[in-house]
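Survey of secondary and tertiary structure
If you want the building blocks of each chain, they are given just below.
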Amino acid sequence: MDYNFKEIEQRWQQYWRDNKVYSAKVDNSRPKYYVLDMFPYPSGAGLHVGHPLGYIASDIYARYKRQRGFNVLHPMGYDAYGLPAEQYAIQTGQHPEVTTKKNIARYREQLDKIGFCFDWDREVRTCDPEYYKWTQWAFLKMYGSYYNTAMDKACPIEELVAHFEKYGTTDCNAHTNSTDEFTADQWNAMTKVEKENTLMNYRIAYRGNTMVNWCPKLGTVLANDEVSEGVSLRGGYPVEQKLMSQWCLRVSAYAGRLLRGLETVDWTDSIKETQRNWIGYSEGAEMNFNIAGTDENILIFTTRADTIFGVTFMVLAPESIYVEKVVTDDQRAAVDAYLDEVKHKTERERLIEKKVSGVFSGSYAVNPVTGKEIPIYISDYVLAGYGTGAIMAVPAHDSRDYAFARHFDLPIIPLIEGADVSEESFDAKDGIMTNSSNDRLQLNGLQVKEAIARTKEYIAEAGIGRVKVNYRLRDAIFSRQRYWGEPFPIYYDEDNQPQPVSESELPLLLPEVDKFLPTETGEPPLGRAQNWVASNGRPLELCTMPGFAGSSAYYLRYMDPHNSEALVDKDVNAYWRQVDLYVGGTEHATGHLIYSRFWNKFLYDYGYVCEPEPYKKLVNQGMIQGRSNFVYRIKDTNKFVSYNLKKDYDTTPIHVDVNIVSNDALDIEKFKAWRPEFADAEFILENGKYICGWAIEKMSKSMFNVVNPDDIVDRYGADTLRLYEMFLGPVEASKPWDTNGIDGVNRFLKRLWGLFFDGDNLKLTDEKASAEALKSVHKLIKKVTADIEVFSYNTSVAAFMICINELSSMKCAAREVYDIIVRLLAPFAPFISEELWHVLGHEGTVCDAEWPVCNEEYLKESSVKYTVMIKGRPRFNIEVAAGTDAKEVERLALADPAAQKWLEGGTPKKVIVVPNKLVNIVI
RNA sequence: GCGCCUGUGGCGAAAUUGGUAGACGCGCUAGACUUAGGAUCUAGUAACGCAAGUUGUGUAGGUUCGAGUCCUAUCAGGCGCACCA
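What counts as what
Sequence positions are assigned chain by chain, starting from 1 and proceeding in written order. Chain labels run from A onward and ligand labels from 1 onward, assigned in the order the entries are written. Local features are withheld for residues below a pLDDT of 70 in this predicted model, meaning they are given only at 70 or higher, and side-chain atom pairs are given and counted only at 80 or more; totals for whole chains, interfaces and linings count all residues. As a convention, hydrogens and water are excluded, and side-chain values are obtained from all of the structure's heavy atoms. The helix and strand labels rest on DSSP assignments: H or I over at least four residues marks a helix, E over at least two residues marks a strand, and numbering proceeds from the N terminus. Three exposure classes are used, based on accessible area relative to the maximum for each residue type with a 1.4 Å probe and protein chains only: buried under 20%, partly exposed in between, and exposed over 50%. In short, Shrake-Rupley with a 1.4 Å probe defines the accessible areas, and a residue's cover is counted only from the protein chains shown. A fitted line through C-alpha atoms represents every axis, and for helices the fit uses only the stretch in contact; the resulting angles, taken between N-to-C directions, go from 0 to 180 degrees. By the definition adopted for this analysis, an angle is roughly parallel if under 35 degrees, roughly antiparallel if over 145, roughly perpendicular if from 65 to 115, and oblique otherwise. We call a crossing left-handed when the near helix sits turned anticlockwise from the far one by less than a right angle, and right-handed when that turn is clockwise. By definition, residues are in contact when any of their heavy atoms lie within 4.5 Å. Just so you know the grouping, Ala, Val, Leu, Ile, Met, Phe, Trp, Tyr, Cys and Pro go in nonpolar, Asp, Glu, Lys and Arg go in charged, and all remaining residues, Gly too, go in polar. Residue proximity to a molecule or strand is established when one non-hydrogen atom of the residue lies within 4 Å of it. Throughout this description, a polar contact denotes any pair of N or O atoms lying within 3.5 Å of each other; where both atoms belong to protein, one of them has to be capable of donating a hydrogen while the other can accept it, and for residues adjacent in sequence the pair is counted only when both atoms sit in side chains. Strand pairing follows a simple DSSP-based rule, namely that at least 2 bridges must link the two strands. Using only the protein atoms, space was sampled on a 1 Å grid; points where a 1.4 Å probe fits but cannot get out form cavities, open sets with protein on both sides within 12 Å along at least five of seven lines form pockets, and lining residues are those with an atom within 4 Å of a point. Grid points are joined across faces, edges and corners, and a volume is the space filled by probe spheres set on the points. Think of a patch as exposed residues, more than 30% relative accessible area, with no salt bridge, where like charges cluster within 9 Å and nonpolar side chains (Val, Leu, Ile, Met, Phe, Trp, Tyr) cluster within 5 Å. By salt bridge we mean one thing: a side-chain nitrogen of Lys or Arg within 4 Å of a carboxyl oxygen of Asp or Glu. Two residue types count as positive, namely Lys and Arg, and two as negative, namely Asp and Glu; His and chain ends fall outside the count. By convention, the charge on Lys lies at NZ, on Arg at CZ, on Asp at CG and on Glu at CD. We define a nonpolar core as any set of buried Ala, Val, Leu, Ile, Met, Phe, Trp, Tyr and Cys residues linked to one another through side-chain atoms lying within 4.5 Å. When two rings of Phe, Tyr or Trp (its six-membered ring) have centres within 6.5 Å they constitute a pair, described as stacked for plane angles under 30 degrees, edge-to-face for angles over 60, and tilted for the intermediate range. Only Lys NZ and Arg CZ are tested; either one counts as a charge over a ring when it is within 6 Å of the ring centre and within 35 degrees of the ring normal.

**Focus on the overall build of chain A**
- In terms of helices and strands, chain A carries 29 helices and 35 strands.
- Summarising its shape, the C-alpha atoms of chain A cover approximately 100 × 85 × 75 Å along the three principal directions.
- For chain A, buried positions account for 54% of its 923 residues.
- Within the structure as shown, chain A displays about 41,400 Å² of accessible surface, and the carbon and sulfur contribution to it stands at 49%.

**Some remarks on the packing of helix α23 (residues 742–756) against helix α25 (residues 793–809)**
- At a minimum axis distance of 10 Å, the contact between α23 and α25 shows a crossing angle of 40°. When the interaxial angle is binned, α23 and α25 end up oblique. With respect to the hand of their crossing, α23 and α25 are arranged in left-handed fashion. Along its contact with α23, which presents Gly-744, Val-745, Phe-748, Arg-751, Leu-752 and Leu-755, the element α25 presents Val-797, Phe-800, Met-801, Ile-804, Asn-805 and Ser-808.
- Residue composition of the contact of α23 with α25, by class: eight nonpolar, three polar and one charged.

**Description of the protein's contact with RNA strand B**
- Around RNA strand B sit 48 residues, and of these Thr-303, Arg-400, Arg-715, Leu-728 and Arg-747 come closest.
- Taking all atoms of RNA strand B within 4 Å of the protein, the share assigned to sugar and phosphate is 57%.
- One of the side-chain N or O atoms of Glu-273 is found 2.9 Å from a sugar or linking oxygen in RNA strand B.
- Broken down by element, the residue count for the surface near RNA strand B peaks at six residues, all from α25.
- Residue composition of the surface near RNA strand B, by class: 18 nonpolar, 15 polar and 15 charged.

**Thoughts on the sheet that holds strand β6 (residues 220–222)**
- One open sheet holds the four strands; their spatial order is β6-β5-β9-β17, and the pairing between them is antiparallel. Edge strands, defined here as strands with exactly one partner in the open sheet, are β6 and β17 (476–477).
- Here 10 bridges tie strand β5 (residues 205–215) to strand β9 (residues 240–249), and the two strands are oriented antiparallel to one another. Bridge assignment links Tyr-206 to a residue of β9, and that residue is Cys-248.

**Some remarks on empty space enclosed by the protein**
- Inspection of every chain in the model, using the stated rule, returns one cavity of 30 Å³ or more.
- Lining of the largest cavity is provided by Tyr-131, Trp-134, Thr-135, Ala-138, Ala-549, Gly-550, Ala-553, Arg-557, Leu-567, Trp-599 and Leu-603.
- Put simply, the parts of the chain that give the lining of the largest cavity at least two residues each are α5 (129–143), α16 (547–551) and α19 (592–605).
- With four residues, the top contributor of residues to the lining of the largest cavity is α5.

**A few points about the pairing of strand β11 (residues 297–302)**
- The pairing of strand β10 (residues 281–291) with β11 spans six bridges and is antiparallel. Looking at β11, one finds that Ala-285 is bridged to Thr-302.
- Between the antiparallel neighbours β10 and β11 lie five residues, among them Gly-293 with a positive phi of about 80°.

**Describing a negative patch on the surface**
- Taken together, the side chains of Asp-420, Glu-423, Glu-424 and Asp-427 define an acidic patch exposed on the protein surface.
- When you line up the elements, Asp-427 lands in the loop between α14 (399–408) and α15 (448–462).
- Relative accessible area serves as the criterion here: at 36%, Asp-427 is assigned to the partly exposed category.

**Looking at the nonpolar core**
- Counting residues in hydrophobic clusters, the biggest one holds 195 residues, and the most contacted among them are Leu-249, Phe-478, Tyr-793, Val-817 and Phe-828.
- In terms of residues, this core owes the most to one element, α5, which gives nine residues.
- Sequence-distant contacts of Phe-478, defined by excluding residues within four places in its chain, comprise Phe-139, Trp-247, Cys-248, Leu-249, Phe-488, Thr-544, Met-545, Pro-546, Phe-548, Ala-549 and Trp-599.
- Within the second largest apolar cluster, 41 residues are counted, among which are Phe-309, Val-323, Ala-365 and Ile-378.

**Structural notes on the pairing of strand β12 (residues 313–316)**
- The alternating pattern of β12 places Phe-313 and Val-315 and Met-314 and Leu-316 on opposite faces, both of which are buried.
- Both β12 and strand β15 (residues 390–393) contribute to a ladder of four bridges, which runs antiparallel. Across the sheet, Leu-316 pairs through a bridge with Ala-390, a residue of β15.

**Here's the deal with the packing of aromatic side chains**
- If you walk through the whole model with that rule in mind, you get 70 aromatic pairs.
- A centroid spacing of 5.6 Å and a plane angle of 40° characterise the contact between Tyr-3 and Trp-753, whose relative ring orientation is tilted. In this pair, Tyr-3 sits in the segment before α1 (5–18) while Trp-753 sits in helix α23, placing the two residues 750 residues apart along the sequence. There is no split in this pair, since Tyr-3 and Trp-753 are both buried.
- Consider the rings of Trp-753 and Phe-757, whose centres lie 4.8 Å apart with planes at 35°: the pair is tilted.
- The class for Trp-753 is buried, based on a relative accessible area of 4%.
- Accessibility expressed as a relative area gives 9% for Phe-757, which makes it buried.
- Grouping aromatic residues by their ring pairs yields a cluster made of Tyr-33, Tyr-61, Tyr-64, Phe-70, Phe-748, Phe-791, Tyr-793, Phe-800, Phe-828 and Trp-851.
- Taking NZ or CZ as reference, Arg-63 lies 5.3 Å from the ring centre of Trp-16, over its face.

**Quick notes on the environment of Thr-312**
- Along the polypeptide, Thr-312 turns up in the loop between β11 and β12.
- For Thr-312 and Ile-412, which are 100 residues apart along the polypeptide, the C-alpha to C-alpha distance reads 7.0 Å.
- For Thr-312, the residues in contact, after removing those within four places along its chain, are Ile-374, Pro-375, Ala-393, Pro-395, Pro-411 and Ile-413.

**As for the side chain of Arg-480**
- Following the sequence through the fold, Arg-480 ends up in the loop between β17 and β18 (490–492).
- Arg-480 gets classed as buried once you look at its relative accessible area, which sits at 5%.
- When sequence neighbours within four positions are dropped, the list of residues in contact with Arg-480 reads Thr-220, Val-221, Leu-222, Ala-223, Glu-226, Cys-543, Thr-544, Met-545, Pro-546 and Phe-548.

**Structural notes on a nonpolar patch on the surface**
- Judged by side-chain polarity, Ile-912, Val-914 and Val-922 come together as a nonpolar surface patch covering roughly 180 Å² of accessible area.
- By secondary structure assignment, the location of Val-922 is in strand β35 (residues 918–922).

**A look at unusual backbone geometry**
- Cis geometry is found at the peptide bond from Leu-506 to Pro-507, where omega equals -5°.
- Within the secondary structure, Pro-507 is located in the loop between β19 (498–500) and α16.
- One non-glycine residue, Asn-496, lies in the positive phi region at around 60°.
- In this fold, Asn-496 is placed in the loop between β18 and β19.

Written out as structure tokens, the structure is:
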């Protein structure tokens with residue numbers, strides 16, 4: 001009986017499905033373990049061989065944990081809302097739901113073949129109303145909340161209203177982007193609309209006028225993490241800045257907690273660092289600069305308070321609210337011209353040009369420490385969105401201020417001893433202060449760090465500002481002018497004010513539309529829907545939510561996917577708690593992984609979930625690149641020359657489908673059939689073969705290097721695919737796919753099979769295993785157990801191969817040995833393990849087979865080999881009884897004739913004995 | 001510019017964390033078997049050298065009896081952030 005993987009895999013796949021082998025249930029008597037993969041967007045192209053890499057890695061871990069007695073939750077679902085299905089719908093008229101369903105079916109088929117232990121009863125789809133009901137529910141909760149900065153958590157907005165009614169904004173600890181202040185009387189005198197508008201400055205989900213990344217080609221706004229270098233990540237279309245009224249999430253209120261939370265999770269340093277960068281903590285001070293001749297102040301933020309004596313001018317962002325207050329009549333025309341110019345530049349142009357521009361406002365500000373008057377400029381090198389949108393410029397110690405000062409010929413005052421600012425600014429926070437003392441504040445002679453601290457103290461004492469922490473993280477823009485997304489549970493009342501749809505009306509279903517394009521009047525596609533009104537007849541919001549909405553809390557829904565009363569039941573959540581192991585790509589470092597943590601923390605604030613962080617450990621699988629093959633056509637002919645002969649000809653490399661190449665040798669017949677123009681191609685061969693060239697490139701259709709996992713499964717079986725993907729290298733590393741090496745692992749499985757069967761007969765016996773065989777297999781237990789814990793699967797697979805080779809050469813047929821091997825192999829190659837598990841006479845399924853324990857007794861050696869090093873090289877070996885002490889080993893080594901030959905009768909300078917390893921003799 | 005990561009055979013990669021560098025697999029070479037096949041098995045395979053030996057982990061130093069591993073500098077590649085005050 002040969003290893004018939006096709007038959008085995010089909011049979012067990014069916015069995016697992018029929019018997020719901022991988023279904024998980026809450027069981028308080030057993031410890032839980034939650035293994036999660038980032039769920040895929042079901043694209044039309046299907047899976048290629050790179051996609052399952054992470055799934056295989058997590059599947060191995062999930063199966064391993066189960067064998068170790070954990071109650072494992074390992075679900076899978078689909079991130080089903082997204083742009084590609086909608087773009088496809090626009091082109092073809094095909095409803096995105098139809099496309100999505102079709103793609104999901106295809107994904108499921110591909111995933112099933114690979115033998116994952118997903119609990120499919122828990123599948124979620126973000127576009128399913130039963131699912132997005134809870135996305136909408138969370139949005140309503142955020143709408144009904146504000147961020148209490150004293151308690152450092154979200155609280156009901158009603159509490160804020162009560163505070164306003166009693167005290168106005170006095171002692172109000174609420175996160176806001178508004179600087180407005182009002183008394184209780186003023187609040188109480190406000191109209192309903194005014195109150196609503198004011199509250200929008202506090203809600204966690206709010207409607208705000210913000211500068212957004214507008215992508216005209218896609219007809220929608222994009223989040224910061226969906227834009228890179230001025231173009232959209234999806235599609236690569238140009239993106240411009242535009243002031244728009246949009247739904248936003250007050251993610252910035254959580255910046256501090258998102259930052260601190262990173263210390264409590266087990267993620268790689270690089271991804272934590274990426275998040276830290278994105279959150280952008282900076283500690284500094286806010287200071288008020290009086291506008292000369294008025295009682296108005298300009299608030300600035302600086303991390304270099306110590307440089308206050310070197311401030312020679314101020315700069316406002318063009319969008320700054322202060323601009324209007326400082327423009328004088330004679331500068332009005334110049335300022336307007338500049339603002340106009342800036343507005344017409346896209347962010348991309350601004351970045352590319354990088355030339356100094358700006359305009360004088362006409363006004364002066366008073367330096368609060370020196371009392372000196374300094375000019376106020378307006379320039380786009382200051383960003384409205386960071387800090388206060390206004391800076392104090394210190395050209396001597398900031399390169400951007402320096403460039404500006406040079407351009408406008410403004411004074412440059414050095415403040416650090418020995419700093420040469422004739423050619424460039426001195427930006428380092430290092431040195432001794434100078435030129436920095438007056439009767440109010442003395443910094444001269446201090447180190448920069450001391451000066452910063454001293455200045456901060458002074459600012460507080462003198463009441464001209466305060467110590468302030470600033471974050472780069474901005475609020476998330478939550479509206480998309482698109483069809484294929486979650487509708488907002490929001491309608492607009494008679495005053496055109498947004499109002500929440502009642503929770504009892506959720507889910508608010510996505511309506512049908514005739515076309516998936518904006519309306520003639522430029523409204524989002526939902527504007528085409530008939531009867532798109534709330535139960536009270538008022539019009540509903542036309543935007544939909546962005547992609548990250550549905551993926552932010554999906555891991556919670558898996559815990560309790562069919563609950564119609566709650567996102568997740570409290571007791572159920574208290575059992576599964578959080579994801580213990582999360583596996584996915586690094587591309588979500590600043591998107592999904594931030595939003596999801598934010599969303600989780602918000603739910604945590606209300607006690608809906610019991611853990612402040614959603615993902616305890618994170619493993620980032622690497623990308624699998626493609627390995628392209630090339631043929632070389634001799635110019636102006638239809639003749640192709642083999643790789644190693646091409647240097648004699650003038651050739652053009654042409655991508656050739658990797659599926660008609662094997663070990664870099666071209667299948668000429670298939671090549672001729674591949675494309676009509678190659679039908680009568682001629683070849684110059686080497687050794688009777690046509691050898692192709694190769695290169696590592698991204699796996700993509702256009703490079704003809706896409707390898708489909710289905711093809712591999714058909715040819716070698718899922719177990720071989722799984723083992724090979726793991727054998728390629730560390731899970732975290734990016735590496736090229738090269739089908740060439742797959743024979744090696746396939747051979748391993750065949751050999752294993754061959755150890756069980758001799759023809760149709762079972763070869764195994766109940767004989768006692770030899771000490772040698774036991775040693776080999778217990779070494780394997782030790783190695784594989786240690787490797788799995790650190791995701792070093794490639795070395796595990798190697799260890800299996802070594803063990804099988806050893807058992808094979810010692811002709812071991814002892815059942816007890818193979819019983820252990822099957823248990824160990826089960827997470828890696830579940831199909832063949834399942835089959836062999838039953839061949840060994842076991843009942844049940846191998847995924848419940850107990851994980852074997854290494855018995856160190858078997859590994860003990862009676863004697864130990866020491867390598868003797870002389871002059872830094874291994875020279876000979878000695879063998880001594882196990883447990884011989886170091887002194888004795890040294891004596892034996894020196895007594896050896898070989899050592900004597902090197903020593904030539906002398907004595908060694910030094911002898912080092914490393915226990916059980918080596919003796920180093922220094923002469 | 002700031003921050004993080006990675007450099008080891010023809011290729012993918014190992015190295016018990018400071019102890020015989022290159023495990024394991026691919027490829028390659030030779031051989032065996034065979035109704036030539038993209039099957040199986042055996043042996044070899046870092047480089048130089050007939051050999052004893054010598055040299056080898058991007059480069060240059062350093063610490064150490066001993067460095068792929070630790071320290072300093074430097075080069076190359078990748079990733080993240082970026083007029084962030």
